[in-house]
Amino acid sequence: SIFSRFKDALLELVEAKGTSNLKFPHKKLRGILNNYTRGDFIVVGGRKTSGKSSFILNNYVISPLVQKIPAKKNNTPFDVKVIYISTRKNIKTTIERMVVNFHANKNSGTKIGVPTLYGFEGSHAKASVELSKSIVSTTLTTLDGLVDKGLLTVSCTSKTLNEIEVIIRSSMEEYGSYDVDTRTFTYDKKHEDLIPIIAIDDSTGINTDAGERSVRTENGHQIGSRLRELAKIYNVILVLAVPSYTGLFKRRRGKLKG
């Protein structure tokens, strides 16, 4: 998976820590959302750098996986499938964000941040090279294991609506069957209680089927309508980050009232 391929590269970066004065002065807010319902289409809106990406990654990607790991041991098992589509981030940036968010969830919200891993200057917490390498190595091994078990699927770079549907369909096919004629997805009986989560960050990296990337006005409504339809077809929780300037989900002429 992408985690095993990038593990050595990130460890090398940690080894060469302290080579930059990049500063990250802003503190990140953290929240937890519960009561997931299959078929829901959830929009997380906000201005640029307002924390949409961290909010979605923390609550809809990492947190369910962290809760899943000890569930069987605690006699509270549940089945979860997480598909994380990062349309605006490259693979390296996506993996780094997943590492620090995973570490935060595992340590009761104590977020070290990407600057800490690489020893950048700033007001953030400091960590030794040995600790940073341990965090990167252990976390990527764990995430790689989740991929191998089929609990996690990660895809990066911009996507068309059709490509997003293909990712969802191919990732969900082991849990049920899709009828092309009726465009319906039926879960196998043993997976009826599955918690399927598709988290997309963000709408500005999605192209319409006609190749349009702009998410303003009608293009935005096309993207929103299609994603809401996919949430219903596959009976999944679909979460989308939307920059506030797009006006993507305004109640215009009765469109997208959900």
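1. Let's talk about the confidence of the model for the protein
Next, step 1: Of all residues in the protein, 82% attain a pLDDT of 70 or more, and the chain-wide mean is 81.
Next, step 2: For the stretch residues 18-34, pLDDT sits under 50, and the model shows 22 contacts to residues farther than four places along the chain or on other chains.
Next, step 3: Note on residues 246-258: pLDDT under 50 across the span, and 31 contacts to partners over four residues away in sequence or across chains.

2. Re the pairing of strand S3 (residues 152-156)
Next, step 1: Among the 5 residues of S3, 4 are classified as buried, and the element is accordingly described as predominantly covered.
Next, step 2: One ladder, built from 5 bridges, connects strand S2 (residues 80-86) with S3; its direction is parallel. Across the sheet, residue Ile-83 finds its bridge partner in S3, namely Thr-153.

3. Observations regarding the side chain of Glu-165
Next, step 1: Position of Glu-165 among the secondary structure elements: in helix H6 (residues 161-172).
Next, step 2: With a relative accessible area of 5%, Glu-165 lands in the buried category.
Next, step 3: At 3.2 Å, the side chain of Glu-165 and the side chain of Arg-183 are in polar contact.
Next, step 4: Here Arg-226 takes part through its side chain, which lies 2.9 Å from a polar atom of the side chain of Glu-165.
Next, step 5: When residues no more than four places from it in sequence are discounted, the contact partners of Glu-165 are Tyr-178, Arg-183, Arg-226, Leu-230 and Tyr-234.

4. Quick notes on the nonpolar core
Next, step 1: Phe-3, Met-98 and Leu-152 are the most contacted members of the largest nonpolar core, which totals 41 residues.
Next, step 2: Leaving out residues up to four positions away in the same chain, Leu-152 has contacts with Phe-3, Leu-65, Lys-81, Val-82, Met-98, Leu-143, Leu-146 and Val-147.
Next, step 3: Core analysis: the next-biggest nonpolar cluster, separate from the first, contains 26 residues, Ile-85, Leu-230, Ile-233 and Leu-238 among them.

5. Thoughts on the sheet that holds strand S1 (residues 41-46)
Next, step 1: Read across the open sheet, the 5 strands follow the order S1-S9-S7-S2-S3; overall the sheet is parallel. Each edge of the open sheet is held by one strand with a lone partner, namely S1 and S3. Shown here is a sheet whose adjacent strand axes are inclined to one another by a mean of 15°, direction ignored.
Next, step 2: Each of S2, S3, strand S7 (195-201) and strand S9 (237-243) is contacted by H6, which is oriented at about 155° to S2, the strand it contacts most.

6. Looking at helix H1 (residues 2-15)
Next, step 1: Relative to the 20 Å expected for 14 residues at 1.5 Å per residue, H1 spans 20 Å between its end C-alpha atoms, a close match to the ideal helical length.
Next, step 2: At Asp-8, H1 shows its maximal kink, close to 30°.
Next, step 3: Looking only at H1, the buried set comprises Ile-2, Phe-3, Leu-10, Leu-11 and Val-14.
Next, step 4: Buried residues belonging to H1 abut helix H3 (91-106), helix H4 (114-118), helix H5 (129-148) and S3.

7. What to know about the packing of aromatic side chains
Next, step 1: The final tally for this structure, using the stated rule, is 3 aromatic pairs.
Next, step 2: Between Phe-185 and Tyr-187, the ring centres sit 4.9 Å apart and the planes meet at 85°, which makes this aromatic pair edge-to-face. Taken individually, Phe-185 and Tyr-187 each receive the classification buried, so the pair is uniform in this respect.
Next, step 3: Plain terms: the ring middles of Phe-185 and Tyr-234 are 5.4 Å apart, the flat faces sit at 45° to each other, and that makes the pair tilted. Taken as a pair, Phe-185 in strand S6 (residues 184-187) and Tyr-234 in the loop between helix H7 (217-233) and S9 lie far apart in primary sequence, 49 residues in all.
Next, step 4: With relative accessibility at 10%, the residue Phe-185 sits in the buried group.
Next, step 5: Using a relative accessible area of 0% as the deciding quantity, one classes Tyr-234 as buried.
Next, step 6: Site record: aromatic cluster; members linked through ring pairs are Tyr-178, Phe-185, Tyr-187 and Tyr-234.

Reading the values: the criteria
Residues numbered from 1 in each chain as written. Predicted model: local features only at pLDDT ≥ 70, side-chain atom pairs only at ≥ 80, totals over all residues. Heavy atoms only, no water. pLDDT = per-residue confidence, 0-100. Contact = heavy atoms within 4.5 Å. Buried < 20%, exposed > 50% of the residue type's maximum accessible area, 1.4 Å probe, protein only. Helix = DSSP H or I, 4+ residues; strand = E, 2+ residues; numbered from the N terminus. Pairing = 2+ DSSP bridges. Polar contact = N/O pair within 3.5 Å; in protein donor to acceptor, adjacent residues only side chain to side chain. Core = buried A, V, L, I, M, F, W, Y, C linked by side-chain atoms within 4.5 Å. Axes fitted to C-alpha atoms, helices over the stretch in contact; angles between N-to-C directions. Expected span 1.5 Å × (residues − 1). Bend = angle between axes of the 7 residues up to and from the residue. Phe/Tyr/Trp six-rings, centres within 6.5 Å; stacked < 30°, edge-to-face > 60°.

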